[in-house]
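# Descriptive structure summary
As a plain string of letters, each chain reads:
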Amino acid sequence: MVPEILVTDENAPLFDLDWLNSCTQEVSLSDGGIDQFLSEVNKTLAHRIRGEFSNKYRQQALFELLGQDYTKIHFPHHEYSPELLRPPQFPPKKREELMAELRTLLDDEVINSLDELGYPPDIADYQKENELKEFLDSIRTIFKSGCDKQVQSMTSENVKKRSNSIEEDVISLVSQMSGDEMYDMPEKLDKLDFQRSDVVGEAICALTLHNQEAKMSLLKNFRQSCLMFPNPLRKFIWEGFIGDNDERDTGKKKSKRRATKDFKAEIKKKLKGGTQRAVQSSDYKKIYSAVIDTYHNNNVLRPYAEDIHMLQTANIINIINVVDKEYTTAQIYWALPFQILYEKGVESKEDEEKSMIEISCMLERFCRHALLSFRTVSKVTDKVIKLIKEDEECYKSVTEALDTSIHAAGMLYCIVPEILVADHPNKSEKVWSDLRKKKKKDWKPRDHELFGKLDLWIRKWICEGFVGILPHPLIFFIWDVLFMYEWEQQVFVTISMMIFCLIKPWILQAKNNRDMVNVLLTEPSNLYIQDVRKALLLLQNEGCLDGKEISLDLQNQITELNTNVVKEKKPEEPVEEPPPPEEEQPVVEEEPAAEEPAEGEEAPVDEEPVKEEAEEAQPAPPEPEPEPEKVEEEATGDQ
């Protein structure tokens, strides 16, 4: 038998992206004029890592990371044998762990070498006008050019896909018109459209994949600037957060692929027959009913209320229920961002099931590590209410409106059962279930009063992770912030107050319970992303995202940032006209003169001057001409 021949690339590519590797190759071939700088750093680095050569496996791992060319130049008397790290000589799992350890070591030693030579730890901050500065500018130019080419390539590919999709839509429409299709197929979520930022996001993911320090520095910069993640980076950060928390709990680090594989094995173990068996359970009917009620009673979820999407949601939640035996209506909200982000468009049945298990796995781990418990939601809500009370006028307006004309029978399905009563999830769930069984006419005043409290609606915001009030893509932005701050309680308080302050102009206009609830549930969806970012930057600068309380003055500043509020100015009254007071003065002077002869005969004397005045007023025909001019001036003033 001919032995299997393994072909290995002695100078393996640095990144998983072809276009980024092309940029790297172009940089290495460019005439940057920094040979002296590279020579100094390489020599210093080679001297610092010699202490790792006592172990042959560590030595070869370093050689493989540094590359064959570097090894030949700086270690000419050592053998370059990367096959020592391949099976069967070295287990793949141990090799992965060793390579990860030495990547970190090399990163630290490069920084130490730069420091030893007097250079800044981050070369990007280098500002001296010399050959090194020219080289850094050259790198930026090469990367920008490669990035632009990749954007053009991806854009043209996306346009081609869209044109094919349009052709399919036209064919489908023609077939429907011809009677070939007797019913409309329910729509499915579309794959997210390509964006220019996706290319940069892919590059950042590739650069920080094996560099934890670079990843932390990246997150710090995004936190300070309050920027949204590109979709590739969003997946990288979200999955990284979930994976890091898994490692803390179990002590083992698992890749997303490995975690999904283990999750699928657990499903098959508990459900003989795979995911199809989950659809046949009695809980599934309850879950699917809850999905339908939730989607049709929420303005943000209603656009997604298509049969295929709701079926997928019910399947995902039921799979989690089978694994954990813990089901809550709130999971319907939590699942939506993952469904949007990981949607791949039209797929085969096998791929659809694979995608569903992947999302279920992500959601199950997310529920364990990120979201607040229902009791904690009540505590966080109390902190939010305390801050709202600082604006006494606003708080009074809200509470009075919520307590006016409460007719809450139609609001039951807007509320997650576990939050109807504060601090008591089990009792709350029972009360919610009892109300569900009642007819609307049988509701008592105390039943309606439950929906007339502000804290209930704030609890709804928080327990749903704001998914029920913020649409895509704004909910991605808020979740990016939550992931950057690791879903801490203080961040929920700050974001809740930010949303409340931004919609305060509409809150002050609501006069009854229905109007106020409508404002609290629908107005956040009308906020502009730029206004939200400005508010977050303001809160970031004041330290509120890191724990500092939001002052009343800061609340008012945030309210002013909402540009989706048209402030109507009352029309100014016309300026007082100068002519009237001038005409009144002579009349006042003539009247006392007429009163002097009134000592003898009052009646005749009073009548005569009036007649004289009337006679004097008659020979003045030209006076009516200026009168219309005054009318015209007043009209224009009103306009």
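Whatever comes next refers back to the structure up there.
A short tour of the structure in this document, coming up. (Residues numbered from 1 in each chain as written. Predicted model: local features only at pLDDT ≥ 70, side-chain atom pairs only at ≥ 80, totals over all residues. Heavy atoms only, no water.)

### A short note on the side chain of threonine 208
Tracing the sequence through the fold places threonine 208 in helix α7 (residues 196-208). If we ignore the near neighbours within four places in the chain, the residues touching threonine 208 are Ala214, Lys215, Leu218 and Phe236. (Helix = DSSP H or I, 4+ residues; strand = E, 2+ residues; numbered from the N terminus. Contact = heavy atoms within 4.5 Å.)

### Some remarks on empty space enclosed by the protein
Scanning the entire structure with this criterion turns up one cavity of 30 Å³ or more. Computed from the structure, the largest cavity encloses a volume of approximately 40 Å³. Lining the largest cavity are Trp334, Leu371, Leu372, Phe374, Val377, Ile462, Cys463 and Phe492. Looking at the lining of the largest cavity, the elements that each hand over two or more residues are α16 (374-388) and α20 (454-463). Partitioned by chemical class, the residues of the lining of the largest cavity number eight nonpolar, no polar and no charged. (1 Å grid on protein atoms, 1.4 Å probe; cavity = no way out; pocket = protein on both sides within 12 Å on 5 of 7 lines; lining within 4 Å. Points joined across faces, edges and corners; volume = space filled by probe spheres on them. Nonpolar A, V, L, I, M, F, W, Y, C, P; charged D, E, K, R; others polar.)

### What to know about unusual backbone geometry
Following proline 87, the chain continues to proline 88 via a peptide bond in cis, the omega torsion being 0°. For proline 88, the location among the structural elements is in the loop between α4 (68-74) and α5 (92-116). Within the chain, phenylalanine 466 stands out as a residue other than glycine whose phi angle is a positive 70°. Following the sequence through the fold, phenylalanine 466 ends up in the loop between α20 and α21 (474-484). For phenylalanine 466, a relative accessible area of 0% gives the class buried. For tryptophan 487, which is not glycine, the phi dihedral falls at a positive 55°. By the element assignment, tryptophan 487 lies in the loop between α21 and α22 (489-502). Judged by relative accessible area, tryptophan 487 falls into the buried class, the value being 3%. (Buried < 20%, exposed > 50% of the residue type's maximum accessible area, 1.4 Å probe, protein only.)

### What to know about helix α24 (residues 513-522)
In terms of burial, α24 is largely enclosed, as seven of its 10 residues are buried. For α24, the full list of buried residues reads Asn513, Met516, Val517, Val519, Leu520, Leu521 and Thr522. Those residues of α24 hidden inside the fold are in contact with α17 (392-402), α20 and α23 (504-507). You can read the cap of α24 off the contacts: a side-chain oxygen lies 3.2 Å from the backbone nitrogen of arginine 514, and it is on asparagine 512. (Polar contact = N/O pair within 3.5 Å; in protein donor to acceptor, adjacent residues only side chain to side chain.)

### Describing the environment of glutamine 60
Locating glutamine 60 in the fold gives a position in helix α3 (residues 56-66). For glutamine 60, a relative accessible area of 3% corresponds to the buried category. The contact partners of glutamine 60, leaving out residues within four places of it in the chain, are Glu79, Tyr80, Ser81, Pro82, Leu84 and Leu85. Polar contacts involving the side chain of glutamine 60 include one to the side chain of glutamine 59, which spans 3.3 Å. At 2.8 Å, the side chain of glutamine 60 forms a polar contact with the backbone oxygen of glutamate 79.

### Quick notes on the pattern of salt bridges
In total, this model carries 20 salt bridges according to the counting rule given. Between glutamate 116 and arginine 48 there is a salt bridge, with the nearest N and O atoms lying 2.9 Å from each other. Taken together, the residues span a long stretch of sequence, with glutamate 116 in helix α5 and arginine 48 in helix α2 (residues 35-48) at a distance of 68 residues. Across the pair aspartate 546 and arginine 223 runs a salt bridge, and its minimum N-O distance is 3.5 Å. With aspartate 546 in the loop between α25 (529-541) and α26 (552-559) and arginine 223 in helix α8 (residues 212-225), the pair connects residues that are 323 residues apart, well separated along the chain. (Salt bridge = Lys/Arg side-chain N within 4 Å of Asp/Glu carboxyl O.)

### Comments concerning the nonpolar core
Counting 129 residues, the largest nonpolar core has Phe366, Phe451, Trp457, Phe466, Trp479, Trp487 and Met498 as the members making the most contacts within it. If sequence neighbours within four positions are ignored, phenylalanine 451 has contacts with Ala408, Met411, Leu412, Ile415, Leu420, Leu435, Trp443, Leu456, Trp457 and Asn513. (Core = buried A, V, L, I, M, F, W, Y, C linked by side-chain atoms within 4.5 Å.)

### Points about the packing of aromatic side chains
Under the criterion given, the structure shown has 25 aromatic pairs. Ring plane angle 55° and centroid distance 6.4 Å describe the contact between tyrosine 70 and phenylalanine 75, whose orientation is recorded as tilted. Arranged with centres 6.0 Å apart and planes meeting at 10°, the rings of tyrosine 284 and tyrosine 288 form a pair that is stacked. A residue pair is termed a helical-turn pair when its members lie 3 or 4 positions apart in one helix, as tyrosine 284 and tyrosine 288 do in helix α12 (residues 282-296) at four residues. Among the residues examined, tyrosine 284 registers a relative accessible area of 7% and is labelled buried. Directly above the aromatic system of phenylalanine 236 lies the positively charged group of lysine 215, at a separation of 5.4 Å from the ring centroid. (Phe/Tyr/Trp six-rings, centres within 6.5 Å; stacked < 30°, edge-to-face > 60°. Lys NZ or Arg CZ within 6 Å of the ring centre and 35° of its normal.)

### Details of the packing of α21 against α25
Running from amino to carboxyl end, α21 crosses α25 at an angle of 20°, the nearest separation of the two axes being 10 Å. Here α25 runs roughly parallel to α21, going by the angle between their axes. Crossing hand, α21 versus α25: right-handed. Packed against α21, whose contacting residues are Leu474, Phe477, Ile478 and Val481, the element α25 presents Ile529, Val532, Arg533 and Leu536 at the interface. Class assignment for the residues of the contact of α21 with α25 results in seven nonpolar, no polar and one charged. (Axes fitted to C-alpha atoms, helices over the stretch in contact; angles between N-to-C directions. Parallel < 35°, antiparallel > 145°, perpendicular 65-115°, else oblique. Left-handed = near helix turned anticlockwise from the far one by under 90°.)

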